[in-house]
Number of protein chains: 2
Amino acid sequence: MAMFVVISYDIPDNRRRLKVAQTLLDFGGERVQRSVFECYITERNYERLQARLRRHFDGEADSIRFYILCENCRPRMNLWGLAHPIEEPRLRII
Amino acid sequence: MAMFVVISYDIPDNRRRLKVAQTLLDFGGERVQRSVFECYITERNYERLQARLRRHFDGEADSIRFYILCENCRPRMNLWGLAHPIEEPRLRII
């Protein structure tokens, strides 16, 4: 069963920020705001994602927050404006 | 019982963005990243907060996302780097 994770980040360095965004895309994350991604991901791949992100993370300058939303919390999401919720993938859980 | 809500926004207009940030602060929100706030708030005040935010929101240009995390989801938050989780207020629930 895939987890639903919201990942938000503040990363001043352009190169690191791009690497983090690319890594999130690599793991099937969907960009819903400039520095917020949403992702359906297995527990195993969530660990692999974090290991990959650690390579591009500077604890002195950067901030990344991971929020896991359970099946009760997901329907309570409230989305205004431009972005839309990502669909739970039928097939493509990586 | 207070709810825990994560609010993230993308608002290109400076004036609107400042108003949204100020409104979130007015309702006891804590800024944990440039455009991410966390907030312990009652259901009633969550409604009032949304009514206030609506005044400063342009659905054509802006995006605001509200994620409510239940008591099971909160401990699963994973925070890297600069910001720290906000403490559940003992007294000051407005």
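Look above for the structure.
Please read these numbers as outputs of a predicted model, since none were measured by experiment.

Analysis parameters
- Each chain has its residues counted from 1, running along the sequence as written.
- Following the order in which they are written, the chains are lettered starting with A and the ligands numbered starting with 1.
- Given that this is a predicted model, residues contribute local features only at a pLDDT of at least 70 and side-chain atom pairs are listed and counted only at 80 or more, while totals for whole chains, interfaces and linings are drawn from all residues.
- Water and hydrogen atoms were dropped before computing side-chain values, which therefore reflect all heavy atoms in the structure.
- Under the scheme used here, helices are H or I runs from DSSP no shorter than 4 residues and strands are E runs no shorter than 2 residues, and both carry numbers assigned from the N terminus.
- Working rule for helices: expected span equals 1.5 Å times residues minus one.
- Here's how the labels work: a residue is buried when its accessible area is under 20% of the maximum for its type, exposed when over 50%, partly exposed in between, all with a 1.4 Å probe on protein chains only.
- By arc we mean the arc of the directions from the helix axis to the C-beta atoms, nothing more.
- In what follows, residue pairs with any heavy atoms lying within 4.5 Å of each other are defined as contacts.
- We define a polar contact as two N or O atoms separated by no more than 3.5 Å, with the added condition that, inside protein, one atom must be a possible hydrogen donor and the other a possible acceptor, whereas residues neighbouring each other in sequence contribute only through side-chain atom pairs.
- Pairing between strands is defined by DSSP: at least two bridges between them are needed.
- Buried area is calculated as the accessible area (1.4 Å probe) missing from two parts once they are joined, with the contributions of both summed.
- The working definition used for a salt bridge is a side-chain nitrogen of Lys or Arg within 4 Å of a carboxyl oxygen of Asp or Glu.
- All residues other than Ala, Val, Leu, Ile, Met, Phe, Trp, Tyr, Cys, Pro, Asp, Glu, Lys and Arg, Gly among them, are scored as polar; the first ten of these are nonpolar and the last four charged.

(A) Structural context of helix α1 (residues 14–26) of chain B. Residues and elements named next belong to chain B. The end-to-end C-alpha distance of α1, which contains 13 residues, comes to 18 Å, matching closely the 18 Å that a straight helix rising 1.5 Å per residue would cover. Within α1, the full set of buried residues consists of R16, V20, A21, T23 and L24. One side of α1 carries all its buried residues, which in axial view fall inside an arc of 160°. Residues of α1 that are exposed and point over 90 degrees away from its buried face: R15 and L18. Elements in contact with the buried residues of α1: β1 (3–10), β2 (30–33), β3 (36–41), α2 (43–54) and β4 (63–69). Measuring from the side-chain oxygen of the N-cap residue of α1 to the backbone nitrogen of R15 gives 3.2 Å; that N-cap residue is D13. Note on α1: the residue one or two positions beyond its end, G28, has a positive phi of about 85°.

(B) Highlighting α2(B). In this model, α2(B) (twelve residues) spans 17 Å end to end at C-alpha, consistent with the 16 Å of a helix rising 1.5 Å per residue. The set of residues buried in α2(B) consists of N45(B), Y46(B), L49(B), Q50(B) and L53(B). In an axial view of α2(B), the angular spread of the buried residues amounts to 145°, which keeps them on one side of the axis. Next to the buried residues of α2(B) lie β5 (78–81) of chain A together with β1, α1, β3 and β4 of chain B.

(C) Broad picture of the pairing of β1(B). All names here are of chain B. Counting buried residues in β1 gives eight out of eight residues, a clear majority hidden from the surface. The alternating pattern of β1 places M3, V5, I7 and Y9 and F4, V6, S8 and D10 on opposite faces, both of which are buried. The sheet contact formed by β1 and β3 spans six bridges and is antiparallel. From the neighbouring strand, F4 faces β3, where its bridge partner is Y40. For β1 and β4, the ladder comprises seven bridges, and the chain directions are antiparallel. Opposite D10, over in β4, you have S63 as the bridge partner.

(D) Spotlight on the interface of chain B and chain A. Between chain B and chain A, the residue contacts involve 39 residues of the former and 39 residues of the latter. Across the interface of chain B and chain A, roughly 3500 Å² is buried in total on both sides, 52% from carbon and sulfur atoms. Counting across the chain B and chain A interface gives six salt bridges. With its nearest N and O atoms 2.7 Å apart, the salt bridge here joins E38(B) to R65(A). The interface formed by chain B and chain A holds 18 residue pairs in polar contact (both at pLDDT 80 or more) in total. Mapped onto the side of chain B that touches chain A, the elements with two or more residues apiece are β1, β2, β3, α2, β4 and β5 (78–81) of chain B. Considering each element in turn, the side of chain B that touches chain A owes the most residues, seven residues, to β4(B). A class-by-class count of the residues in the side of chain B that touches chain A yields 22 nonpolar, eight polar and nine charged.

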